[in-house]
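# Structural description and commentary
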Amino acid sequence: MHTVLSPCAAVEMIPPLIVRTALERGINLLAITDHNASANVEAVMRAAQGSALSVLPGMEVQTREEVHMLCLFDTLEQLADWQRQVDAHLPDLENNAELFGEQFVVDEVGEFVRRETRLLLASTRMTLEEAAVRVNALGGLAIPAHIDRKAFSLITNLGFVPEGIPFAALEITRHITPTQARQRFPQIGDIPLIQSGDAHRLDEITGPMVLTMEAPTTAELRLALANRAGRSAVLLRRVDRSEAGDDISTLAPPVSEPESL
Amino acid sequence: MTLQEIVAQLNLTCLTKPRDFSAVEIRSGYASDLLSCVMAGARHHGIWVTLQSHSNIVAVAALLELSAVIITENARPDQETIEKADEEGVNLFLTDKTTFWVVGKLWEMGVRDR
């Protein structure tokens, strides 16, 4: 989800309110993924300290093809390294807050620290593949975001899922079920899916996925998404019930038929 | 209008293996950087103008049997993409001009069907 650092996020998206809302909704794990930025991640992690909520450090990077991709890590050090790489590939443009929105860096109680003056709603010069490879090299997960959207989406912008790029999963919006997604975009193949709120406002904070894992880490998340080693990932309920049934659907790739001898 | 005339008049750089394009007739064109729209909207055997240089452009062009892809604003694709285009028989061209300029020229030359 986003914080007030993302120009398109509401001003209420400050660490204590994000943490409180998530806990109220029974959420135990979330990832902070601001646009090409990460300066508020530590503040959210601090705000969640001592609570039942775990926070994965992350970012939503915009690649050269204008594809949005979630980058999830385990530590702030990995994220800082990734941020340096992104910064080196971002155009040096100034944000126009009136047009795009404010970009605030805040502390763990939500107090103003500074304005991010650089335009974050921009494409890095990294290609999708380059970004995914770099995130993997740092030990992170590369997950193209909201692939069923009409903009900034892997499927919309590039037509289909390119082969050979190390994606840990693909994210679908709450307007589609995993089954529908696999039917509509057969090229997803055996890549696991995730569904999340992509929250830009507090009322969009939802926890549609039930993850069975030993610990809140990216390695465990990888196992859960693959439905391996006793870990699992299922979609508990439909957030938007108007468009489809509310059956429990697995986010892992379909199990292939055992090979006959 | 032949592809040969278009290449000459627009001063396009041929990225893939140069051929004689004088037998390739172009009647229709399409411009978009969103490949999903191209797949849905471009006509077979037409010409496609884009500044998208991701390797998926080759698959889309091959799928639609497009006669040519013009990549604008010098957004040169990587070597692998060019090699893939050669394998698939897709003709890739490069120009430093904008998509707007290229489409305007094509329209002037009489390429007016969608």
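Definitions and limits used
- Residues numbered from 1 in each chain as written.
- Chains lettered and ligands numbered in written order.
- Predicted model: local features only at pLDDT ≥ 70, side-chain atom pairs only at ≥ 80, totals over all residues.
- Helix = DSSP H or I, 4+ residues; strand = E, 2+ residues; numbered from the N terminus.
- Rg over C-alpha atoms; globule rule 2.2 N^0.38 Å.
- Buried ≥ 20, exposed ≤ 12 C-beta atoms within 10 Å, placed from the backbone.
- Contact = placed C-beta atoms within 7 Å.
- Nonpolar A, V, L, I, M, F, W, Y, C, P; charged D, E, K, R; others polar.
- Expected span 1.5 Å × (residues − 1).
- Arc of directions from axis to C-beta.
- Core = buried A, V, L, I, M, F, W, Y, C linked by C-beta atoms within 7 Å.
- Pairing = 2+ DSSP bridges.
- Axes fitted to C-alpha atoms, helices over the stretch in contact; angles between N-to-C directions.
- pLDDT = per-residue confidence, 0-100.

Summing up its helical and strand segments, chain A has eight helices and eleven strands in all. Compactness check: chain A gives a C-alpha radius of gyration of 18 Å against a globular reference of 18 Å for 261 residues, within 12% of the reference. Expressed as lengths along the three principal axes of its C-alpha atoms, the size of chain A is roughly 65 × 40 × 35 Å. Within the span of chain A, comprising 261 residues, buried residues form 43% of the whole. A separation threshold of at least 6 residues defines the contact pool for chain A, and within that pool the share at least 24 residues apart is 69%.

This next bit is on the interface of chain A and chain B. Taken together, the contact pairs nine residues of chain A with nine residues of chain B. Along the lines of polarity and charge, the residues of the side of chain A that touches chain B split into four nonpolar, four polar and one charged.

Residue and element names in this part refer to chain A. Between the first and last C-alpha of helix α3 (residues 76–87) there are 16 Å, a value that for twelve residues agrees with the 16 Å anticipated at 1.5 Å per step. Among all positions of α3, only Leu79, Trp82, Gln83 and Val86 are buried. Around the axis of α3, the buried residues are gathered within 105° of arc, so they sit on the same side. Across from the buried face of α3, at angles greater than 90 degrees, the exposed residues are Glu77 and Arg84. Packed against the buried residues of α3 are α2 (41–48), β2 (54–62), β3 (68–72) and α5 (128–137).

Before going further, it helps to examine the nonpolar core. In terms of nonpolar packing, the biggest core is built from 104 residues, with Met69, Cys71, Ala142 and Ile143 of chain A together with Val69 and Phe93 of chain B touching the most fellow members. Contacts of Ile143 of chain A, omitting those with residues within four sequence positions, involve Met69, Leu70, Leu72, Phe167, Ala168, Ala169, Leu170, Glu171 and Ile194 of chain A.

All names here are of chain A. Taken together, the four strands give an open sheet; going across it, the order is β1-β2-β3-β6, and neighbouring strands pair in mixed fashion. Strand pairing shows two members of the sheet lacking a second neighbour, β1 (29–32) and β6 (141–144), which therefore form its edges. Recorded for the sheet is a direction-independent mean angle of 30° between the axes of neighbouring strands. Pairing geometry for β2 and β3, over five bridges, is antiparallel. Among the inter-strand pairings, Gln62 is bridged to a residue of β3, identified as His68. Strands β1 and β2 of the sheet are contacted by α2, whose axis makes an angle of about 160° with β2. Together, β2 and β3 form the strand contacts of α3, whose direction differs from that of β2 by roughly 10°.

It is worth spelling out the sheet that holds strand β10 (residues 232–235) of chain A at this point. Residues and elements named next belong to chain A. Strand order in the open sheet formed by three strands is β9-β10-β11, and the pairing between neighbours is antiparallel. Pairing within the sheet leaves two strands with one partner each, and these edge strands are β9 (209–212) and β11 (249–250). Sheet topology note: the β10/β11 ladder contains two bridges and is antiparallel. Across the sheet, the residue bridging to Leu235 is Ser249, located in β11.

Moving on, we get to helix α3 (residues 56–63) of chain B. Two residues of an α-helix separated by three or four positions point the same way, owing to the 3.6 residues in each turn. The element α3 of chain B is extensively covered by neighbouring structure, given that six of its eight residues are classed as buried. For α3 of chain B, the complete set of buried residues consists of Asn56, Ile57, Val58, Ala59, Val60 and Ala61 of chain B. In this structure, the buried residues of α3 of chain B make contact with α6 (154–158) of chain A together with α2 (35–41), β3 (47–50), β4 (68–71) and α4 (79–88) of chain B. Just downstream of α3 of chain B lies Glu65 of chain B, where phi reads positive at about 50°.

Take the pairing of β1 of chain A next. Looking at chain direction, β1 of chain A and β2 of chain A are connected through four bridges and run parallel. Residue Ile32 of chain A lies in a different strand from β2 of chain A, and its bridge partner there is Pro57 of chain A.

This part is about the confidence of the model for chain B. Residues with a pLDDT of 70 or more make up 100% of chain B, whose mean pLDDT is 95. Scoring of the predicted complex yields 0.87 for pTM and 0.76 for ipTM.

All names here are of chain A. Relative to strand β5 (residues 112–115), strand β4 (residues 104–106) runs antiparallel, the two being bridged by three bridges. The residue bridging Val105 from the neighbouring strand is Arg114, located in β5. In this antiparallel pair of consecutive strands, β4 and β5, the connection spans five residues, and Gly110 shows a positive phi of 90°.

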